[in-house]
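Spelled out, the chains give:
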Protein chains: 2
Amino acid sequence: MQNTRVGKYLQTEYGKDEDGKAEWIRHWIRTGFDALEKMLAESPSRYAAGDEPTLADVCLLPQVFSARRFGVDLAPYPNLVRVADALEHLQAFAEAHPSRQPDAM
Amino acid sequence: MQNTRVGKYLQTEYGKDEDGKAEWIRHWIRTGFDALEKMLAESPSRYAAGDEPTLADVCLLPQVFSARRFGVDLAPYPNLVRVADALEHLQAFAEAHPSRQPDAM
């Protein structure tokens with residue numbers, strides 16, 4: 001849903017500008033975050049799916065990264081922000097940050 | 001990409017009508033089919049990923065079903081059509097057809 005080629009399609013076929021493409025991305029991020037925030041509010045855990053990091057966290061953190069990049073208001077997602085903060089302190093996640101990859105510009 | 005809620009978004013936010021929503025679906029089906037047809041043309045096999053049915057076939061057949069439903073021209077995809085025909089002759093796939101489910105209308 002958030003791939004470059006989707007944005008390209010929105011631009012060429014639907015005439016969306018940069019902000020229009022960003023709003024598309026924000027919408028689908030919020031849709032997922034709404035669901036996960038509700039789950040975490042009802043059943044709190046240290047990470048996204050329990051007290052140990054799981055594949056859910058591997059999916060979550062890049063979405064939080066995108067959320068910040070594209071300007072999603074994170075105020076409605078206190079549990080997700082808390083989990084993301086916890087994840088960013090784990091060495092494995094810190095080392096996987098986009099800015100630390102060999103091809104990061 | 002082809003979920004109902006995406007179509008609903010295209011309708012409410014972008015003002016797309018039924019054909020506009022169908023064209024969105026057709027576009028993404030063709031994108032996947034273009035890639036898979038090329039792979040099968042270069043390296044033919046009985047099914048989508050070899051001579052035994054695999055998860056790739058479980059994904060492919062519903063896409064062919066959707067392609068026909070939404071009017072994708074299948075002429076450019078002779079290998080995919082051949083694989084789909086072979087799959088439809090397998091009992092497990094035949095029994096999983098949407099029209100044979102208990103809640104089929």
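An account of the accompanying structure is given in this report. Small disclaimer: the values here were computed from a predicted structure and weren't measured.

Rules and cut-offs
Residues numbered from 1 in each chain as written. Chains lettered and ligands numbered in written order. Predicted model: local features only at pLDDT ≥ 70, side-chain atom pairs only at ≥ 80, totals over all residues. Heavy atoms only, no water. Contact = heavy atoms within 4.5 Å. Buried area = accessible area lost by both parts, 1.4 Å probe. Salt bridge = Lys/Arg side-chain N within 4 Å of Asp/Glu carboxyl O. Polar contact = N/O pair within 3.5 Å; in protein donor to acceptor, adjacent residues only side chain to side chain. Helix = DSSP H or I, 4+ residues; strand = E, 2+ residues; numbered from the N terminus. Nonpolar A, V, L, I, M, F, W, Y, C, P; charged D, E, K, R; others polar. 1 Å grid on protein atoms, 1.4 Å probe; cavity = no way out; pocket = protein on both sides within 12 Å on 5 of 7 lines; lining within 4 Å. Points joined across faces, edges and corners; volume = space filled by probe spheres on them.

## Here we look at the interface of chain A and chain B
Contact with chain A, which involves 13 residues of that partner, is made by 13 residues of chain B. Of the roughly 1200 Å² buried between chain A and chain B, counting both surfaces, carbon and sulfur atoms make up 75%. Three residues, Tyr9, Tyr14 and Trp24 of chain A, lead the burial of chain A against chain B; their summed loss comes to 45% of the area buried on that side. Scanning the region where chain A abuts chain B turns up 0 salt bridges. Taken together, the links from chain A to chain B amount to 0 residue pairs in polar contact (both at pLDDT 80 or more). Considering each element in turn, the side of chain A that touches chain B owes the most residues, 6 residues, to helix α2 (residues 18–42) of chain A. Among the residues forming the side of chain A that touches chain B, the class breakdown is 7 nonpolar, 3 polar and 3 charged.

## Here's the deal with the layout of surface pockets
The calculated volume of the largest pocket comes to roughly 390 Å³. What lines the largest pocket is a set of 20 residues, among which Gln2, Thr4, Ile25, Arg69 and Phe70 of chain B lie closest to the centre. Of all the elements in the fold, those that place two or more residues in the lining of the largest pocket are α1 (4–14), α2 (18–42) and α3 (55–69) of chain B. A per-element tally of the lining of the largest pocket places α1 of chain B first, with 6 residues. Residue composition of the lining of the largest pocket, by class: 9 nonpolar, 7 polar and 4 charged. Roughly 330 Å³ of internal volume is contained in the second largest pocket. Lining the second largest pocket we find 16 residues, and of these Gln2, Asn3, Thr4, Ile25 and Phe70 of chain A sit closest to its centre. When residues of the lining of the second largest pocket are traced back to their parent elements, those giving at least two are α1 (4–14), α2 and α3 (55–69) of chain A. When the residues that make up the lining of the second largest pocket are grouped by side-chain class, the tally is 6 nonpolar, 6 polar and 4 charged.

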